[in-house]
Structure formats: C-alpha cells, structure tokens
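Tertiary structure, described
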Amino acid sequence: MASSEEDGTNGGASEAGEEKETTGRRRRLSFLATAWLTFYNIAMTAGWLVLAIAMVRFYMEKGTHRGLYKSIQKTLKFFQTFALLEIVHCLIGIVPTSVLVTGVQVSSRIFMVWLITHSIKPIQNEESVVLFLVSWTVTEITRYSFYTFSLLDHLPYFIKWARYNFFIILYPVGVAGELLTIYAALPYVKKTGMFSIRLPNKYNVSFDYYYFLLITMASYIPLFPQLYFHMLRQRRKVLHGEVIVEKDD
Ligand SMILES: CCCCCCCCCCCCC/C=C/C(=O)SCCNC(=O)CCNC(=O)[C@H](O)C(C)(C)COP(=O)(O)OP(=O)(O)OC[C@H]1O[C@@H](n2cnc3c(N)ncnc32)[C@H](O)[C@@H]1OP(=O)(O)O
C-alpha cells in the first residue's frame, strides 16, 4: 500500500495545512504589531501634547522660561525614555526603518535628557534648552500623529505635509539648541570633573567627560547632515512620489 508521502495526496494536504497555519500566524502577528503600534503612537502623541500644553501654560503664567525645564522634566524624561522602544521596533522588524538612523536619533535625545540636562542643574534655565524642547515637541506631535493616522488609514494631507516640511526648520533649530546646551555645560563639567574617571585606579582606565562632550559635539558635523539628507530624501519620496533607486527610466 502506498503511503501518504509516496502518493503525495496527504503530503500535499499537510503542506497546504502548514502554509495556512503560517499565513494565519503571520496575520495574527501583523494584527498584534499594528494594534501595539497604534497604541504606542497614540500614547506618544498624547504625551508630547501634554508637554506642549504644559510649556505654553508655564510661559503664559510666569512670562519667563526660567523654571520651565524643572516644571516639565518628569513628563519629558518619561516619554523620551519610552521612545527607546523605537529601536526595539526596528530590531524586531515591525517598522521598516533603519536601526542605525533611529538609534542615532533616539540615543542623542536620551543623552541630552539624562546625561546633560538632568545631570547638570545649572544649565537647565539656558534659552538653548527651550530651543530644543520646542523643536522636539512640535516634531514629535507631528510625527506620532502622522504614524497614528497612517495606521488608521485616514491620514489628513496637512499632517503628511507637516511631517515632511516642519523638519526643514525644526531639525537645525533643535540641533542648534542641543549643541548650545552642551557648550553651556562644558565649564561646569570641567570644574567638577563629573562622570570622569581619573588615574590611578585599580582598573587602570581613565575617562574624561569633558573631552567626551567635545567629541560628541564634533560628531554632529558628520552625523547631522546624514540624518537631514535622509529626511529630505523621505520628503521627496512621500510628498512628490519619487522612487529614488527603483526607477525604470
Ligand atoms: C551617546 C551619545 C550619542 C550622541 C550622538 C550624537 C550625534 C547626533 C547627531 C545627530 C543629532 C540629531 C539630534 C536630533 C534632534 C532633533 O530631533 S531636533 C527636532 C527635529 N527633528 C526632526 O525633525 C527629526 C525627525 N527625525 C526623524 O523623523 C527620524 O529620521 C526618524 C525618527 C529616525 C525617522 O526615520 P525614517 O526612516 O524617515 O522613518 P519614517 O519615514 O518616519 O518611517 C519609515 C517607515 O516606518 C514606519 N514607521 C516608523 N515608525 C513608526 C511607528 N512608530 N509607527 C508606525 N509606523 C512607523 C513609517 O510609517 C514608514 O512606513 P512606510 O510608509 O511603509 O515606509
């Protein structure tokens, strides 16, 4: 008697069954990923909106930027740290964005929040802090609402336009705010020797945070143009429908 594998009948049926199961699993995964991303983007839009409202209210009540950072720092730290998940989203492949581009973007923000503004209290009232805060806030409200509406298949043209135009001004303004803030931190870091490790020590390693900051500032020179041109390419692709490499002609 021919076995099912030999005659191919049941083998075919089981292959078809496996294929159906795999497709089903993929569909469930993609449903879960979409549901998660929708939740994530709504939460992030709401978080940055709360920050925007808090900043406007603070300025209207006090008429100064002094004390602004202190009043919004908890919300800022929470939502900017939560954005580390974006690197995870790229790593597990639920968003088709480059891990490198996202990694540079998110890690530079985390660095600004935790290792600069949170750690160096005397610079918290610098105007440059307001510069990057406003720039990040407008960018993120636009960006996360863009992702949310796209996932819901109801993207208003204004949001799409804003996502791919606001950055032209906001990106350089944000970067200027970040660089000026790091620059303002330098004298304090030099004077206190914070986060630095001096020799001699039992591990025989030394680290100077002051020089690390200088190197970080210098690294904006090659990295920022790359991110900016990446965004300009995305802008051409999304707003003008340009297929950048895959064009036939
Ligand atoms: C340890 C110290 C390190 C220090 C390092 C220092 C050097 C740093 C130098 C650079 C400094 C930069 C500092 C940043 C400052 C600022 O942010 S200033 C404020 C203004 N900023 C901006 O305007 C920048 C905005 N930046 C971006 O948007 C980034 O480039 C990005 C977030 C990484 C986006 O990248 P991109 O590849 O363009 O992604 P998208 O086009 O948006 O998405 C691609 C596809 O993926 C989908 N997607 C992405 N994320 C989501 C999501 N959350 N939810 C759902 N879907 C998502 C998106 O829809 C796209 O899908 P398709 O449409 O199918 O292509």
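What you see is a predicted model, and the numbers here were worked out from it, not measured in a lab.

1. Thoughts on the pattern of salt bridges
Any two side chains of opposite charge can pair, so long as their charged atoms come close to each other. The full count for this structure, using the stated rule, is five salt bridges. Between E86 and R143 there is a salt bridge, and its shortest N-O distance comes to 3.0 Å. Taken together, the residues span a long stretch of sequence, with E86 in helix α4 (residues 85-91) and R143 in helix α6 (residues 127-151) at a distance of 57 residues. Both residues of the pair, E86 and R143, count as buried. Residue E140 pairs with R109 through a salt bridge whose shortest N-O separation is 3.1 Å. Here the residue E140 occupies a position in helix α6, and R109 occupies one in helix α5 (residues 99-118), the gap between them amounting to 31 residues. When its relative accessible area of 3% is taken as the criterion, E140 is described as buried. With a relative accessible area of 5%, R109 lands in the buried category.

2. Re helix α9 (residues 209-240)
Taking 1.5 Å of rise per residue, 32 residues should cover 46 Å, and α9 covers 44 Å from first to last C-alpha, within 8% of that figure. When the local axis directions of α9 are compared, the greatest deviation, roughly 40 degrees, occurs at I221, which is followed within four positions by the proline P222. Those residues of α9 not exposed but buried are Y209, Y210, L213, T216, M217, Y220, F224, L227, Y228, M231 and L239. On the buried face of α9, the contacting elements are α5, α7 (157-163) and α8 (166-192). The residue sitting at the N-terminus of α9 and contributing the capping side-chain oxygen is D208; that oxygen lies 3.0 Å from the backbone nitrogen of Y210. Where α9 ends, the next residue or the one after it, G241, has phi of about 65 degrees, a positive value.

3. Considering the site of the ligand
Taken together, 31 residues form the shell around the ligand, and within it N41, Q105, Y147, R163 and Q234 come nearest. Between R109 and the ligand, the recorded distance is 2.9 Å, taken from a side-chain N or O atom to an oxygen atom. Interatomic distance of 2.9 Å between a side-chain N/O atom of H230 and an oxygen atom of the ligand. When isolated, the ligand has an accessible area of 1400 Å², and the protein chains bury 84% of it. Ranked by residues supplied to the shell around the ligand, first place goes to α9 with eight residues. Residues belonging to the shell around the ligand are distributed by class as follows: 15 nonpolar, twelve polar and four charged.

4. Looking at the packing of aromatic side chains
A complete count under the given rule lists 22 aromatic pairs for this structure. Taking 6.5 Å as the distance between ring centres and 20 degrees as the angle between the ring planes, the aromatic pair formed by F158 and W161 counts as stacked. Highlighted residues: F158 and W161, both in helix α7, separated by three residues, approximately one helical turn. Note on F158: relative accessible area 53%, which makes it exposed. Pairing F224 with Y228 gives two aromatic rings, centres 5.4 Å apart and planes at 40 degrees, and the pair type is tilted. Taken as a pair, F224 and Y228 lie in helix α9 at a separation of four residues, close to a single helical turn. These aromatic residues form a ring-pair network of at least three members: W36, F39, Y40, F78, F79, F82, Y144, F146, Y147 and Y164. Over the ring of Y144 we find R143, and its NZ or CZ is 4.6 Å from the ring centre.

5. A word on the nonpolar core
In this structure, W48, L76 and L133 are the most contacted members of the largest nonpolar core, which totals 46 residues. Mapped onto this core, the elements with two or more residues apiece are α2 (9-62), α3 (68-82), α5, α6, α8 and α9. In contact with W48, other than residues within four places in its own chain, are L76, F79, Q80, R109, W136, T137, E140, I141 and Y144.

6. Focus on the UniProt feature "transmembrane region" (unreviewed entry) in the protein
Here the UniProt feature "transmembrane region" (unreviewed entry) sits at residues 39-60, 81-104, 164-189 and 209-229. Segment residues 164-189 splits into 92% helix and 0% strand. End C-alpha atoms: 37 Å apart.

Conventions adopted
Residues numbered from 1 in each chain as written. Predicted model: local features only at pLDDT ≥ 70, side-chain atom pairs only at ≥ 80, totals over all residues. Heavy atoms only, no water. Salt bridge = Lys/Arg side-chain N within 4 Å of Asp/Glu carboxyl O. Helix = DSSP H or I, 4+ residues; strand = E, 2+ residues; numbered from the N terminus. Buried < 20%, exposed > 50% of the residue type's maximum accessible area, 1.4 Å probe, protein only. Expected span 1.5 Å × (residues − 1). Bend = angle between axes of the 7 residues up to and from the residue. Contact = heavy atoms within 4.5 Å. Polar contact = N/O pair within 3.5 Å; in protein donor to acceptor, adjacent residues only side chain to side chain. Near = heavy atom within 4 Å. Areas by Shrake-Rupley, 256 points an atom, 1.4 Å probe, with all protein chains shown as cover. Nonpolar A, V, L, I, M, F, W, Y, C, P; charged D, E, K, R; others polar. Phe/Tyr/Trp six-rings, centres within 6.5 Å; stacked < 30°, edge-to-face > 60°. Lys NZ or Arg CZ within 6 Å of the ring centre and 35° of its normal. Core = buried A, V, L, I, M, F, W, Y, C linked by side-chain atoms within 4.5 Å. UniProt positions renumbered as here; feature names shortened; annotations may be inferred.

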